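# Results of the structural survey
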Amino acid sequence: MGNRVAREDYEWVYTDQPHADRRKAILAKYPEIKSLMGPDPRLKWIVCMMVAIQFLAFYLVKDLDWKWVLFWTYAFGSCINHSMTLAIHEISHNTAFGNSKAMWNRYFAMFANLPIGLPYSASFKRYHLDHHRYLGGDGVDVDIPTEFEGWFFCTRFRKFIWIILQPLFYAIRPLCINPKPITQLELTNVAFQLTFDILLYWLWGAKPVVYMLAGSMLGMGLHPISGHFIAEHYMFLKGHETYSYYGSLNLLTFNVGYHNEHHDFPSIPGRRLPMVKKIAAEYYDDLPQYTSWVKVLYDFIMDDALSPYSRVKRKLKGDVKQE
């Protein structure tokens with residue numbers, strides 16, 4: 001557990017990200033893929049159902065013993081709340097109401113944010129679009145761990161702790177790497193969320209609040225679904241910076257596992273990404289892929305060649321236009 005990771009820096013490259021060129025090649029050969037772009041009419045109803053399920057869970061846990069509150073927090077609440085963060089990811093690409101109703105998407109994301117307990121949907125939108133546009137961009141892409149994370153979490157035990165603390169680092173990292181001025185939408189998001197949290201406590205007490213907040217923290221830490229944080233872009237194989245996962249957990253995560261397909265076509269809703277792979281199979285079948293997010297977590301911890309430094313990073317050229 002004390003072996004130190006050999007890697008002492010990121011994987012610096014001097015080429016552009018691969019997704020733009022692949023998107024251009026695929027569209028030239030399969031222009032019908034454009035018909036998959038646009039909003040998913042089912043998404044808003046699925047999100048509303050998930051929010052309603054969590055509201056019902058808040059009511060049901062209020063009278064349980066604490067041991068059962070904690071059990072259901074990890075067994076159920078963490079799954080729903082992590083899934084809800086990926087619904088917000090979907091909405092950030094305007095797939096709920098389309099690009100013509102951008103503000104509808106922003107406020108709907110705040111609604112989806114309510115059962116998570118922590119206001120983040122408005123900030124996530126700003127940083128996530130930068131992640132797509134400038135994948136691996138030094139000082140811009142906050143999905144890449146900080147120098148401190150790469151330096152400190154360099155043994156198996158420390159990597160295990162780092163995975164548990166993923167929600168903390170995702171929250172702090174933008175402030176360290178690429179701080180941005182606070183917007184009115186972010187203030188609105190905070191106001192909505194705090195009002196909801198206080199109202200929930202006033203109505204049903206502390207147990208639903210613990211279920212909500214702990215579910216979010218546990219679901220994004222040491223949890224099978226959180227394997228996607230590592231699987232998406234950590235460099236398990238040299239020369240590959242994005243990986244797809246085609247396992248059953250895509251059913252709970254809006255197909256976020258189809259990650260090469262998503263970065264190639266971010267305007268295509270998750271529900272239609274399997275169709276992209278089916279149409280343009282020759283572009284994806286030979287790329288490295290995963291079948292288990294749990295195995296990804298295990299391999300990341302146990303492989304002494306992997307660490308938070310195992311990310312492709314590039315210096316950006318020209319004008320950088322951020323959200």
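Since this is a predicted model, take the numbers as computed values, not measurements.

## Section: the pattern of salt bridges
This structure, assessed with the given rule, holds 17 salt bridges. D264 is the partner of R22 in a salt bridge, and the nearest nitrogen-oxygen pair spans 2.7 Å. Taken together, the residues span a long stretch of sequence, with R22 in helix α1 (residues 19–29) and D264 in helix α12 (residues 259–264) at a distance of 242 residues. We note that R22, like D264, is buried. Between K315 and D138 there is a salt bridge, and its shortest N-O distance comes to 2.7 Å. Here D138 lies in the loop between α5 (121–133) and α6 (147–152) and K315 lies in the segment after β4 (312–314), a separation of 177 residues in the sequence.

## Quick word on the side chain of D264
Judged by its relative accessible area of 0%, D264 is buried. Here Y284 takes part through its side chain, which lies 2.6 Å from a polar atom of the side chain of D264. Apart from the residues within four sequence positions on either side, D264 is in contact with H19, R22, R23, I26 and Y284.

## A word on the UniProt feature "transmembrane region" (unreviewed entry) in the chain
UniProt records the feature "transmembrane region" (unreviewed entry) for residues 43–61, 68–87 and 107–124 in the present numbering. This span, residues 68–87, is 100% helix and 0% strand, and a straight line between its end C-alpha atoms measures 27 Å. Strand forms 0% of residues 107–124 and helix 61%; the C-alpha atoms that close the span are 13 Å apart.

## Brief notes about helix α2 (residues 43–61)
Counted at 1.5 Å a residue, the expected span for α2 with its 19 residues is 27 Å, and the 27 Å between its end C-alpha atoms agrees. When α2 is considered as a whole, its buried residues turn out to be L43, K44, V47, M50, V51, Q54, A57, F58 and V61. For α2, the buried positions fall inside an angular range of 145 degrees around the axis, keeping them on one side. With respect to the buried face of α2, the exposed residues turned more than 90 degrees away are W45 and L60. The elements touched by buried residues of α2 are α3 (66–92), α4 (102–113), α9 (184–204) and α10 (206–219).

Rules used in this analysis
- As a convention, each chain's residues are numbered from 1 in the sequence order in which they are written.
- Per-residue local features are limited, in this predicted model, to residues with pLDDT of at least 70; the limit for side-chain atom pairs, both in listing and counting, is 80 or more; totals at the level of whole chains, interfaces and linings are taken over all residues.
- Hydrogens and water molecules were not included; the side-chain quantities draw on all heavy atoms of the structure.
- We define a salt bridge as a side-chain nitrogen of Lys or Arg found within 4 Å of a carboxyl oxygen belonging to Asp or Glu.
- Helical segments are the DSSP runs of H or I of at least four residues, strand segments are the runs of E of at least two, and each set is numbered from the N terminus.
- A 1.4 Å probe rolled over the protein chains alone gives each residue an accessible area, and that area as a share of the maximum for its type sets the label: buried under 20%, exposed over 50%, partly exposed in between.
- As used in this structure description, the phrase polar contact means that two N or O atoms lie within 3.5 Å; if the pair is within protein, one of them must be able to donate a hydrogen and the other to accept it, and residues adjacent in sequence are counted only when both atoms belong to side chains.
- Whether two residues are in contact is decided by their heavy atoms: any pair within 4.5 Å suffices.
- UniProt positions are given in the numbering used here, feature names are shortened, and annotations may be inferred rather than shown by experiment.
- In a helix, the anticipated span is given by 1.5 Å times the number of residues less one.
- Summarising the geometry, the arc corresponds to the directions from the helix axis toward the C-beta atoms.

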